[in-house]
Amino acid sequence: MIEFFKKIENANIVLKDVVNPTPILQSATLNRQLKANIFFKCESFQKVGAFKFRGAYNAISQLSEEQKRNGVIAYSSGNHAQAVALVGKMLGVSTTIVMPNNAPKLKLQATKGYGAKVVVFDPQETTREAIAEQVNSNQLLTLIKPFDNEYVIAGQGTAAYEFAHSVANLNMMVAPCGGGGLLSGTAVATKSIQPNCKVFGVEPEMADDATKSFYSGVLHSNPNPPTIADGTRTASMGDITFPMVREFVDEMKTVSEESIKEAVRFFFYRMKLVVEPSGALGLAALMTGAIKAEGNVGIIVSGGNIDGATMSEILLD
């Protein structure tokens, strides 16, 4: 853990003057309801509206000049796509992004707006990895994986690094889990700074591959799960994130689709925050009692990229 924490510290140096210093917010109403002190690290205010910018910038900035000249390729349903596209624009690196045809329109449009070449595919017919291999058949483009990349994980871990240095005596840290990049980085950063803090990962019930993997010790896969939390639709954790999550995370929990929507509504109506379903997983776990809040609780709000149609559906549900 010490060795990987150094990678997070290095990533923090790289990102210090680049990332937005995202706020840590509280709700007095929620604190009273849960009888605990809940702190939200709002990565919804990060560049591209999500924590993914941290990992993408840290990874792409490490490439050689030749790799930067050749360009990069990535696959993502949205936030990683936007992050890679924006970083490419900032660093003068051409970007090709493979995105499923069910990706939120807002994220697809933003990715194109940052100047990326977008390749759309049908997830019912093939996989994003297969499409990326076809597009990059000459292997000239450097693949920036959305989570199974040490530089990406270290970059994502800087959110918790900032969090754990800002709020003392955390009893619990809660982060959403898709492929496990954010959760892995969060666990290492948190436990390195505040060793007594327990770390929890949260997934939708309909996309519970990481939870099954965590408790069974066998890597499970759930391709294209039909959850509203599109940021967690990854088929499985990766070769790097799976063992990291098992070693450094204390517990994994799942939440229902309705509880995710209720958490989005709470953020919107009570805290005046726009949070995407994936970013609301931690709050959903606390509100349903899947995780019993105790003492000082940190929650990573991973992003705020939700299109108008989905938000309207949730608010009017």
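Look a little higher up for the structure.
Residues numbered from 1 in each chain as written. Predicted model: local features only at pLDDT ≥ 70, side-chain atom pairs only at ≥ 80, totals over all residues. Heavy atoms only, no water.

Focus: the overall build of the protein chain
Here is step 1: In terms of regular secondary structure, the protein chain is built from 14 helices and 10 strands.
Here is step 2: For 317 residues, the compact-globule estimate of 2.2 N^0.38 gives 20 Å, and the protein chain sits close to it at 18 Å.
Here is step 3: Principal-axis analysis of the C-alpha atoms places the extent of the protein chain at approximately 55 × 45 × 40 Å.
Here is step 4: Relative to its full complement of 317 residues, the protein chain shows a buried share of 60%.
Here is step 5: Within the protein chain, residue pairs in contact and separated by at least 24 positions form 73% of the contacts whose partners lie at least 6 positions apart.
Here is step 6: When the accessible surface of the protein chain is summed, it comes to about 12800 Å², and 49% of that surface belongs to carbon and sulfur atoms.
Here is step 7: Placing the 29 positive and 30 negative side-chain charges of the protein chain at their respective mean positions leaves the two points 6 Å apart. (Helix = DSSP H or I, 4+ residues; strand = E, 2+ residues; numbered from the N terminus. Rg over C-alpha atoms; globule rule 2.2 N^0.38 Å. Buried < 20%, exposed > 50% of the residue type's maximum accessible area, 1.4 Å probe, protein only. Contact = heavy atoms within 4.5 Å. Areas by Shrake-Rupley, 256 points an atom, 1.4 Å probe, with all protein chains shown as cover. Lys, Arg positive; Asp, Glu negative; His and termini not counted. Charge placed at Lys NZ, Arg CZ, Asp CG, Glu CD.)

So, the pairing of strand β10 (residues 296-301)
Here is step 1: When you tally the buried positions in β10, you get 6 out of 6 residues, the bulk of the element.
Here is step 2: Pairing geometry for strand β7 (residues 172-176) and β10, over 3 bridges, is parallel. If you follow V174 over to β10, its bridge partner there is I299. (Pairing = 2+ DSSP bridges.)

Description of the sheet that holds strand β6 (residues 142-143)
Here is step 1: An order of β5-β4-β3-β6 is seen for the 4 strands of this open sheet, with the pairing classed as parallel. Each edge of the open sheet carries a strand with a single partner, namely β5 (117-121) and β6.
Here is step 2: Each of β3 (72-75) and β4 (95-100) is contacted by helix α5 (residues 79-91), which is oriented at about 170° to β4, the strand it contacts most. (Axes fitted to C-alpha atoms, helices over the stretch in contact; angles between N-to-C directions.)

Some thoughts on the pattern of salt bridges
Here is step 1: Counted under the stated rule, the structure contains 14 salt bridges.
Here is step 2: The partner of E251 in a salt bridge is K198, with the nearest N and O atoms 3.1 Å apart. Taken together, the residues E251 in strand β9 (residues 251-255) and K198 in strand β8 (residues 198-204) connect sequence positions 53 residues apart.
Here is step 3: When salt bridges that share partners are traced, they join K41, E43, R54 and E162 into one network. (Salt bridge = Lys/Arg side-chain N within 4 Å of Asp/Glu carboxyl O.)

Digging into the packing of aromatic side chains
Here is step 1: If you walk through the whole model with that rule in mind, you get 5 aromatic pairs.
Here is step 2: Both rings, one in F5 and one in Y161, keep their centres 6.0 Å apart while their planes meet at 35°; by these two values the pair is tilted. Here the residue F5 occupies a position in helix α1 (residues 2-15), and Y161 occupies one in helix α8 (residues 150-166), the gap between them amounting to 156 residues. Of the two residues, F5 and Y161, neither departs from the other in class, the shared state being buried.
Here is step 3: Between F214 and Y215, the ring centres sit 4.8 Å apart and the planes meet at 90°, which makes this aromatic pair edge-to-face. (Phe/Tyr/Trp six-rings, centres within 6.5 Å; stacked < 30°, edge-to-face > 60°.)

A few points about the nonpolar core
Here is step 1: If you look at the biggest cluster of nonpolar residues, it comprises 34 residues, and the most contacted ones within it are I38, F40, F267, I291 and V297.
Here is step 2: Mapped onto this core, the elements with two or more residues apiece are β2 (37-42), β7, β8, α12 (257-271), α13 (281-288), β10 and α14 (308-316).
Here is step 3: It is α12 that provides the largest number of residues to this core, a total of 6 residues.
Here is step 4: Counting 33 residues, the second-largest nonpolar core is a separate cluster that includes Y161, L170, M237 and V249. (Core = buried A, V, L, I, M, F, W, Y, C linked by side-chain atoms within 4.5 Å.)

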